[in-house]
Amino acid sequence: SLSFDGTGKYLASVGLDDDHSVAIYDWASRRMVANSKGDENRVFNCEYNPYDGRLVTGGVKHVKFWVMEGGYLVGKRGVYGRMGAV
């Protein structure tokens, strides 16, 4: 999955590796600016939130919200369902 941020400067991608790695690229300069392991479960989609610029990924039994901190991506699991169960 690929997604450009609202400015068009950054491109997010999700890898097909075992960690379903998430990476952010400054595509114009062709360099990776941040990355992280995605989730142990398959990640199907990544999209930038147009309101706050955070990256959101979703897949099997999870949704995560990501922010860039230095050269790292920090993900926080979302809670959904009646009791927050996944």
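What counts, and at which threshold
Residues numbered from 1 in each chain as written. Predicted model: local features only at pLDDT ≥ 70, side-chain atom pairs only at ≥ 80, totals over all residues. Heavy atoms only, no water. Buried < 20%, exposed > 50% of the residue type's maximum accessible area, 1.4 Å probe, protein only. Helix = DSSP H or I, 4+ residues; strand = E, 2+ residues; numbered from the N terminus. Pairing = 2+ DSSP bridges. Core = buried A, V, L, I, M, F, W, Y, C linked by side-chain atoms within 4.5 Å. Contact = heavy atoms within 4.5 Å.

Caption draft 1: Examining the pairing of strand S2 (residues 10-14) more closely. Buried residues dominate S2, accounting for four of its five residues. Between strand S1 (residues 2-4) and the antiparallel strand that follows it, S2, lie five residues; Gly 8 among them carries a positive phi value of about 80°. Where S2 and strand S3 (residues 22-26) come together, five bridges link them in antiparallel fashion. If you follow Val 14 over to S3, its bridge partner there is Val 22.

Caption draft 2: Structural context of the nonpolar core. Ala 12, Val 14, Val 22, Ile 24, Val 33, Ala 34, Val 43, Cys 46, Tyr 48, Leu 55, Trp 66 and Leu 73 form the largest nonpolar core, which has 12 residues in total. Of all the secondary-structure elements, those providing two or more residues to this core are S2, S3, strand S4 (31-36) and strand S5 (43-48). Residue contributions to this core peak at three residues, all from S5. The contact partners of Tyr 48, leaving out residues within four places of it in the chain, are Ser 3, Phe 4, Asp 5, Tyr 10, Ala 12, Ile 24, Gly 53, Arg 54 and Leu 55.

Caption draft 3: Geometry of the environment of Phe 4. Position of Phe 4 among the secondary structure elements: in strand S1. Here Phe 4 falls in the partly exposed class, since its relative accessible area comes to 46%. On a C-alpha basis, the gap between Phe 4 and Tyr 48 in space is 7.0 Å, while along the polypeptide they are 44 residues apart. Those residues in contact with Phe 4, other than ones at most four positions away along the chain, are Tyr 10, Leu 11, Trp 27 and Tyr 48.

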